[in-house]
Amino acid sequence: MTTFIQLLLNGLGKGAVFALLALGFVVIFKATEVVNFAHGSLVLFGGYLVLVTKDHVGWAAAAVIGIVSAGLLALAVERLLLARSRHADPFSLALLTIGVDVIITEEVVRRLGVSLPFIGDAWDAKPLQFGGVTLFRTHLVALLVATVLITAFFLAFRYTTWGIALRAQAENPEAAALVGIRSSRVTASAWLLAGLLAGVAVLFIATQDFSGAGLSRGTHSIALAAFPAAIIGGLDSTAGAIVGGLAVGLVDALSTEYISFAFAKGAVFLVMLVVLVVRPAGLFGTRETTRV
């Protein structure tokens, strides 16, 4: 029972990070109906900038630089590439993001070389012990940070003019345009937000507690595990992104312990397939993922 509780809490910590990434997928999809397959490269890019700047400006300032840079890179991709192809269908734009992902990822991996560095953290990484339950600080901090950010997002999504504009565009783009909502601004803000969330997520992914792999191509692969999270919850559901992210974290933690590490890597995709068979739109989605 102690082991299960430990896995449950640590799995929720990992799931919180996947929830942030899945939320990035969903926000972009709601604004544009495009699946951003370059999300993993945004994570890697943000982490790389933290790595190369932390010795000069300190970890906290480097973290800010990495987060902001990931957001600005996402915004640049949308403004310089997708905005110029706004009349293309979502399938073509999704393929475009794959090309962007390959270019950015390969350049960052080339610069990293054979090293697999951890980007460090601003908290004591020593595990906490509570009555025989071992909890990783990274997972606990991730859960706290994700809770704050997700709460802030839903408040903004529900009560601000930006949130109203995003919901209106997601519901009916033509009607939103008729009432004066500028689609380009909504789309740009969605990409910026997704990039910022990717920059936050890498601060936890590229740590010893989370993956043990350091900043590498593996970081990119871990980030893309958020895609099944978004599919499970529903690509057009912000609440579903949170549920899907937590589900992925729990499935990964539990299957690693009770089955095997190798099986855990495919377990989340197996869950995704089961969900799609039962409900093609995802648990909370309203539009079937076959449209993506």
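Residues numbered from 1 in each chain as written. Predicted model: local features only at pLDDT ≥ 70, side-chain atom pairs only at ≥ 80, totals over all residues. Heavy atoms only, no water.

Draft legend 1. Highlighting the overall build of the chain. For the chain, the helix and strand inventory stands at 12 helices and 2 strands. For the chain, the succession of helices and strands along the chain, N to C, is α-α-α-α-β-β-α-α-α-α-α-α-α-α. Computed over its C-alpha atoms, the radius of gyration of the chain comes to 18 Å, within 12% of the 19 Å expected for a compact globule of 292 residues. Based on the C-alpha atoms only, the size of the chain along its principal axes is roughly 60 × 45 × 35 Å. For the chain, the residues scored as buried account for 49% of the 292 residues in total. By sequence separation, contacts in the chain at least 24 residues apart represent 76% of the contacts at least 6 residues apart. Split by element, the accessible area of the chain, about 13100 Å² in all, is 68% carbon and sulfur. Across the chain, 19 positive and 16 negative side-chain charges occur, with their mean positions spaced 6 Å apart. (Helix = DSSP H or I, 4+ residues; strand = E, 2+ residues; numbered from the N terminus. Rg over C-alpha atoms; globule rule 2.2 N^0.38 Å. Buried < 20%, exposed > 50% of the residue type's maximum accessible area, 1.4 Å probe, protein only. Contact = heavy atoms within 4.5 Å. Areas by Shrake-Rupley, 256 points an atom, 1.4 Å probe, with all protein chains shown as cover. Lys, Arg positive; Asp, Glu negative; His and termini not counted. Charge placed at Lys NZ, Arg CZ, Asp CG, Glu CD.)

Draft legend 2. The arrangement of unusual backbone geometry in detail. Of note, the phi angle at E33 is positive, near 65 degrees, even though the residue is not glycine. A residue is classified by how much of its surface remains accessible, and E33, at 26% relative accessible area, is partly exposed.

Draft legend 3. Up close: the nonpolar core. Core analysis: the biggest nonpolar cluster contains 78 residues, and V17, L21, V43, I119, L203, I205 and L215 have the highest contact counts within it. For this core, the leading source of residues is helix α1 (residues 2-32), giving 14 residues. Among all residues touching V17, those that are not within four sequence positions of it are A142, A201, F204, I205 and F210. (Core = buried A, V, L, I, M, F, W, Y, C linked by side-chain atoms within 4.5 Å.)

Draft legend 4. Main features of the side chain of S41. The topology assignment puts S41 in helix α2 (residues 39-57). For S41, a relative accessible area of 0% puts it in the buried group.

Draft legend 5. View of the layout of surface pockets. Counted as a void, the largest pocket has a volume near 630 Å³. Lining the largest pocket are 27 residues, with K14, F210, D252, F261 and K265 positioned closest to its centre. Only α1, α9 (217-224), α11 (238-258) and α12 (261-278) provide two or more residues apiece to the lining of the largest pocket. The residue makeup of the lining of the largest pocket, split by class, is 14 nonpolar, 8 polar and 5 charged. What the second largest pocket holds in volume is close to 520 Å³. A31, T32, Q169, S183 and T187 are, among the 25 residues lining the second largest pocket, the residues nearest its centre. (1 Å grid on protein atoms, 1.4 Å probe; cavity = no way out; pocket = protein on both sides within 12 Å on 5 of 7 lines; lining within 4 Å. Points joined across faces, edges and corners; volume = space filled by probe spheres on them. Nonpolar A, V, L, I, M, F, W, Y, C, P; charged D, E, K, R; others polar.)

Draft legend 6. Here's a closer look at the packing of α2 against helix α4 (residues 90-112). Two elements in contact, α2 and α4, have axes whose closest approach is 9 Å; the angle formed by their N-to-C orientations is 30 degrees. Judged on the interaxial angle alone, α4 and α2 are roughly parallel. Considering only the axes of α2 and α4, their crossing is left-handed. Here α2 contributes G40, S41, L44, F45, Y48 and L51 to the contact with α4, which in turn contributes D101, I104, T105, V108, V109, R111 and L112. (Axes fitted to C-alpha atoms, helices over the stretch in contact; angles between N-to-C directions. Parallel < 35°, antiparallel > 145°, perpendicular 65-115°, else oblique. Left-handed = near helix turned anticlockwise from the far one by under 90°.)

Draft legend 7. Here's a closer look at a nonpolar patch on the surface. Taken together, F4, I5, L8, L9, Y258, I259, F263, L270, V274, V277 and V278 make up a surface patch of nonpolar side chains, about 1000 Å² in accessible area. At the level of elements, α1 and α12 are the ones that each hand at least two residues to the nonpolar patch. At 5 residues, α12 tops the list of elements feeding residues into the nonpolar patch. Along the chain, the position of V277 falls in helix α12. Look at V277 and you get exposed, because its relative accessible area is 69%. (Patch = residues over 30% accessible without salt bridge, like charges linked within 9 Å, V, L, I, M, F, W, Y side chains within 5 Å. Salt bridge = Lys/Arg side-chain N within 4 Å of Asp/Glu carboxyl O.)

Draft legend 8. Summary view of the packing of helix α5 (residues 137-159) against helix α8 (residues 183-205). Contact geometry for α5 and α8: axes closest at 10 Å, N-to-C directions at 165 degrees. By the criterion of interaxial angle, the relationship of α5 to α8 is roughly antiparallel. As α5 packs across α8, the resulting crossing turns out to be right-handed. Counted together, T138, V141, A142, V145, L149 and F153 of α5 and L193, V200 and F204 of α8 form the full contact between these two elements.

Draft legend 9. Layout of helix α10 (residues 226-233). Counted residue by residue, α10 has 8 buried out of 8 residues, so it is predominantly covered. Taken together, the buried positions of α10 are occupied by A226, F227, P228, A229, A230, I231, I232 and G233. Where α10 is buried, its residues contact α1, α9, α11 and α12. Once α10 ends, the next one or two residues include G234, with phi positive near 115 degrees.

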